[in-house]
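Spelled out from the first residue to the last, the chains are:
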Amino acid sequence: MNTTAMKQRSLGQMRTIGAILQQGLAFVGLAAVVLLLIRGKPVFPGESPVDPAAIGAIRFDGAVSLLERADGDDAQKYQALVSHLSRRYRIASDVTEQFVGAAYDAGRQVGLDPLLILAVMAVESRFNPIAESVMGAKGLMQVIPRHHQDKLLEHGGEGALLDPLINIPVGARILKEYIRRTGSLEAGLQFYNGALADPTSRYAQKVFAEKERLEQAVSQFPQPGRRNAI
């Protein structure tokens, strides 16, 4: 092999290694961003945490932990729900706990069943906080920014929808508004999906089916004094 060929081969190998390193650094950077968005906590030493997010009367101050503020049976129910969602959708339990906590807080503030909110999240994004559809819907609740600019201005625009602690209450608020406007839960869900004219109410039925699974998961938590089946 002549000198020129050896140089070209070495140059090609260096370019390959550089490309691999570049892709690796990009992946690490993306992972850090996702972690920050999901957990709302500092990723690097000395970094400031995410500011509290407010939607109307709904307010979240950092990570939401239902298990820390719940007692007895409630704590067991929450744990059963977190465990079910974590297994079914393959997401970390601590992240799942934050999603569940945010759904319960949002549901309490707007007057919706938190299991319904979680069911919508499951159907819309499968709990992917950075999901984006071809129609431009973003985040866990798949909110379309151009339809809800008034709800996003105070948060700096549509980029805020990638923050779960903003996306969840915004989506819950929109769903509650649609239920009120249409007069029924089923119609409100169809409106939320942009399928109000669908006579089969397919979307609403999917959400109801998912909500029923969540209800079953909660109802099956271990009862005091009851032995597990062997």
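Computed from a predicted structure; not experimentally measured.

## Concerning the side chain of Q190
Mapped onto the fold, Q190 is located in helix α8 (residues 185-192). On the basis of relative accessible area, Q190 is assigned to the buried category, the value being 1%. Those residues within four positions of Q190 in sequence are excluded, and the remaining contacts are A195, L196, D198, S201, R202, Y203 and A204.

## Notes on unusual backbone geometry
With a phi angle near 55°, R126 is a residue other than glycine that sits in the positive phi range. Inspection of the secondary structure assignment puts R126 in the loop between α5 (114-125) and α6 (149-152). Phi is positive for Q142, which is not a glycine, with a value near 50°. Summarising the element assignment, Q142 is placed in the loop between α5 and α6. Since its relative accessible area comes to 11%, Q142 is described here as buried.

## Re the packing of α5 against helix α9 (residues 202-219)
Running from amino to carboxyl end, α5 crosses α9 at an angle of 120°, the nearest separation of the two axes being 8 Å. In this view, α5 runs oblique relative to α9, as classed from their interaxial angle. In the packing of α5 onto α9, the handedness of the crossing is right-handed. On the side of α5, the interface is formed by L115, L116, L118, A119, V120, A122, V123 and E124, while α9 contributes Y203, K206, V207, E210, K211, L214 and E215. Of the residues belonging to the contact of α5 with α9, the class tally is 10 nonpolar, no polar and 5 charged.

## Some words on helix α4 (residues 93-110)
Residue pairs spaced three or four apart in an α-helix point in one direction, given the helix's 3.6 residues per turn. For α4, spanning 18 residues, the distance from its first C-alpha to its last is 26 Å, which sits close to the expected 26 Å at 1.5 Å a residue. Looking at the residues trailing α4, positive phi occurs at G111, about 85°.

## Here we look at the pattern of salt bridges
Under the counting rule described, the total for this entry stands at 6 salt bridges. One salt bridge connects R108 with D105, and the closest N-O pair in it is separated by 2.3 Å. Residue R108 and its partner D105 are both found in helix α4; the two are separated by 3 residues, about one turn of the helix. Judged by its relative accessible area of 55%, R108 falls in the exposed class. The salt bridge involving K211 is made with E215; its shortest N-O contact spans 2.5 Å. Here K211 pairs with E215, and both are found in helix α9, just 4 residues apart, close to one helical turn. Judged by its relative accessible area of 35%, E215 falls in the partly exposed class.

## Side note on the packing of aromatic side chains
Geometrically, a pair of aromatic rings is defined through the distance of the ring centres and the angle of the planes. All chains considered together, the criterion is met by 5 aromatic pairs. Judged by centre distance (4.9 Å) and plane angle (80°), the rings of Y78 and Y104 are edge-to-face. Taken as a pair, Y78 in helix α3 (residues 72-89) and Y104 in helix α4 lie far apart in primary sequence, 26 residues in all. On the basis of relative accessibility, which here comes to 15%, the residue Y78 falls in the buried class. When its relative accessible area of 16% is taken as the criterion, Y104 is described as buried.

## As for the environment of A187
Assignment of secondary structure puts A187 in helix α8. As for A187 and A204, which are separated by 17 residues in sequence, their C-alpha atoms are 7.8 Å apart. Setting aside anything within four residues of it in sequence, one finds A187 in contact with T182 and L196.

Here is what the cut-offs are and how they apply
- What you see as residue numbers is a count from 1 along each chain, following the sequence as written.
- With the structure being a predicted model, the display of local features is reserved for residues of pLDDT at least 70 and the display and counting of side-chain atom pairs for 80 or more, all residues being used for whole-chain, interface and lining totals.
- Side-chain calculation: all heavy atoms of the structure are included, whereas hydrogens and water are not.
- Each helix corresponds to a stretch of at least 4 residues labelled H or I by DSSP, and each strand to a stretch of at least 2 residues labelled E; elements are numbered beginning at the N terminus.
- Between buried and exposed lies partly exposed: a residue is buried under 20% and exposed over 50% of the maximum accessible area for its type, with that area taken using a 1.4 Å probe on protein chains only.
- Throughout, a contact is declared for two residues whenever any of their heavy atoms are within 4.5 Å.
- Working convention: axes come from line fits to C-alpha atoms, limited for helices to the stretch in contact. Angles between N-to-C directions cover 0 to 180 degrees.
- Put simply, angles under 35 degrees are roughly parallel, angles over 145 are roughly antiparallel, angles from 65 to 115 are roughly perpendicular, and the rest are oblique.
- The hand of a helix crossing depends on one turn: near helix anticlockwise from the far one by less than a right angle means left-handed, and clockwise means right-handed.
- Polar here means any residue other than Ala, Val, Leu, Ile, Met, Phe, Trp, Tyr, Cys and Pro, which are nonpolar, and Asp, Glu, Lys and Arg, which are charged; Gly is therefore polar.
- Between the first and last residue of a helix there are one fewer steps than residues, each counted as 1.5 Å, and that sum is the expected span.
- Each salt bridge in this description consists of a side-chain nitrogen of Lys or Arg and a carboxyl oxygen of Asp or Glu lying within 4 Å of one another.
- Paired rings are identified among Phe, Tyr and Trp, the last through its six-membered ring, by centres lying within 6.5 Å, and are further divided according to the angle between planes into stacked (under 30 degrees), edge-to-face (over 60) and tilted (the rest).

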